[in-house]
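Spelled out from the first residue to the last, the chains are:
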Amino acid sequence: MENLTLTKHPFRTLHFFNLAMLQYLKRSAAYILSKRALFVLLTVMVVIPGVALLVTDGLHKKHVQEFLNYARFVLWWVSLGVASSIGLGSGLHTFVLYLGPHIALFTIKAVQCGRVDLKTAPYDTILLKQAPSWLDKKCSEFGSPMYPSSDHSVMIPVFDLLPQVQLEAVLWGIGTALGELPPYFISRAARLSGSELEAVKELDVAPSSEDGPIASTVNRTKRWLLSHSQHLNFFTILILASVPNPLFDLAGIMCGQFGIPFWEFFFATLIGKAIIKTHIQLETKS
């Protein structure tokens, strides 16, 4: 199962993904049917008014559209963060593909125009099949530069650029934290059932002489983490989540296997990835 990836075995990976989704939908349907009264109440209170707001015309129309724009913006960046963590078995890193280029493009445009107020709204970013409105505009459309230029270049302080790309970066970071939950829950379920995950069992196997230097280093790091599992707590999880760490999946597995409380693991991961690590990447990219 370790080599089961979307790039190596696309059909088998999608097959197991569809089976897992089908099982999840069945469980969700069974839960909804067991809570019929609650489901009907939620439908009456939320769905029906929501549909009515969408299909009727009036002064509320622009507010509904604004809400939908924000909802799509939030869903897009959080989903990219989740995809960056789980990768659907392909190792997809959406910071390199989406968030990083977005920050770079905004920074270049801001330096060219000498202004940071380029967005028409916070959701004016790269979205699915949609480019931001500021990308193709001429600098003259934004007005005269707000920052003085020297030697034909404009110096914009990082702390002026940061708020303009901070929201999408934090949302992306929240998504990466959410994407780290499946290994934790799988490991926790294995512990509660009295079994041990293969990923933990493999750490007890003696290193092979056929392993290359990179594989040997990774395996030694994994064994070191396992041997120091007694030190797993909020602060150690926070440190592991706050730095670029390809082995954080193992930390999630170990937290689930050794009974670290969910909220302790999740909040440490959330703060580390969505706030600390994200802002380190932001300042580096800007």
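Residues numbered from 1 in each chain as written. Predicted model: local features only at pLDDT ≥ 70, side-chain atom pairs only at ≥ 80, totals over all residues. Heavy atoms only, no water.

1. Description of the state of the cysteines
As a reminder of what qualifies: A pair of sulfur atoms, both from cysteines and within 2.5 Å, is called a disulfide here. Put simply, DSSP marks the helices as runs of H or I at least four residues long and the strands as runs of E at least two long, and each gets a number from the N terminus on. For each residue, the accessible area found with a 1.4 Å probe, counting protein chains only, is set against the maximum for its type, and the residue is called buried under 20%, exposed over 50%, and partly exposed in between.
One pass over the structure, following the stated rule, counts 1 disulfide. Sulfur-sulfur distance for the disulfide between Cys-113 and Cys-139 comes to 2.1 Å. Torsion about the S-S bond of the Cys-113 and Cys-139 cystine: about -75°, corresponding to left-handed handedness. With Cys-113 in helix H4 (residues 94-113) and Cys-139 in the loop between H4 and strand E1 (149-150), this pair connects stretches of sequence that are 26 residues apart. Taking the relative accessible area as the measure of exposure, Cys-113 reaches 2% and is therefore buried. The exposure class assigned to Cys-139 is partly exposed, which follows from its relative accessible area of 26%.

2. Focus: the nonpolar core
Proteins that are soluble and globular tend to have nonpolar side chains buried together. Spelled out, the test is: Residues enter a nonpolar core if they are buried and are Ala, Val, Leu, Ile, Met, Phe, Trp, Tyr or Cys, with the set joined through side-chain atoms within 4.5 Å. Residue contacts follow a heavy-atom distance rule, with two residues in contact if any of their heavy atoms lie within 4.5 Å.
Residues Trp-77, Leu-99, Phe-106, Ala-110 and Ile-156 are the most contacted members of the largest nonpolar core, which totals 28 residues. Among the elements of the structure, helix H3 (61-86), H4 and helix H5 (158-179) are those that each provide at least two residues to this core. When neighbours within four sequence positions are excluded, Phe-106 is seen to be in contact with Val-116, Leu-118, Lys-119, Trp-134, Leu-161, Gln-164 and Val-165. Among the nonpolar cores identified, the runner-up in size contains 17 residues, and Leu-181, Ile-237, Leu-240 and Ala-241 belong to it.

3. Section: the pattern of salt bridges
So the rule is basically this: The working definition used for a salt bridge is a side-chain nitrogen of Lys or Arg within 4 Å of a carboxyl oxygen of Asp or Glu.
As enumerated under the stated definition, the model contains 3 salt bridges in all. Note that Glu-168 and Lys-119 form a salt bridge whose closest N and O atoms lie 2.9 Å from each other. Taken as a pair, Glu-168 in helix H5 and Lys-119 in the loop between H4 and E1 lie far apart in primary sequence, 49 residues in all.

4. Details of H3
The condition is simple: Given the number of residues in a helix, its expected span is that number minus one, multiplied by 1.5 Å.
Taking 1.5 Å per residue, 26 residues should reach 38 Å; H3 reaches 37 Å between its end C-alpha atoms and fits that length. For H3, the full list of buried residues reads Val-64, Asn-69, Phe-73, Trp-76, Trp-77, Val-78, Leu-80, Gly-81, Ser-84 and Ser-85. Residues of H3 that are buried sit in contact with helix H2 (36-55), H4 and H5.

5. Description of the packing of aromatic side chains
Basically, it comes down to this: Classification of ring pairs rests on two measures: the distance between centres of Phe, Tyr or Trp rings, Trp counted by its six-membered ring, which must be within 6.5 Å, and the angle between planes, read as stacked under 30 degrees, edge-to-face over 60 and tilted in between.
Counted under the stated rule, the structure contains 14 aromatic pairs. With centroids separated by 5.2 Å and ring planes inclined at 90°, the aromatic side chains of Phe-106 and Trp-134 adopt a geometry described as edge-to-face. Separated by 28 residues along the polypeptide, Phe-106 in helix H4 and Trp-134 in the loop between H4 and E1 bring together distant segments of the chain. Pairwise contacts between aromatic rings join Tyr-184, Phe-185, Phe-262, Trp-263, Phe-265, Phe-266 and Phe-267 into one cluster.

6. Here we look at H2
Which entries qualify depends on this criterion: By definition, a residue's bend is the angle between the axes fitted to the seven residues ending there and the seven starting there.
With 20 residues, H2 ought to run about 28 Å at 1.5 Å a step, and its terminal C-alpha atoms sit 26 Å apart, in line with that. The largest bend in H2 amounts to roughly 35° and is located at Thr-43.

7. Re the environment of Glu-141
Looking at where Glu-141 falls in the secondary structure, it is placed in the loop between H4 and E1. A residue is classified by how much of its surface remains accessible, and Glu-141, at 53% relative accessible area, is exposed. Here the alpha-carbon distance between Glu-141 and Cys-113, two residues 28 residues apart in the chain, equals 9.6 Å.

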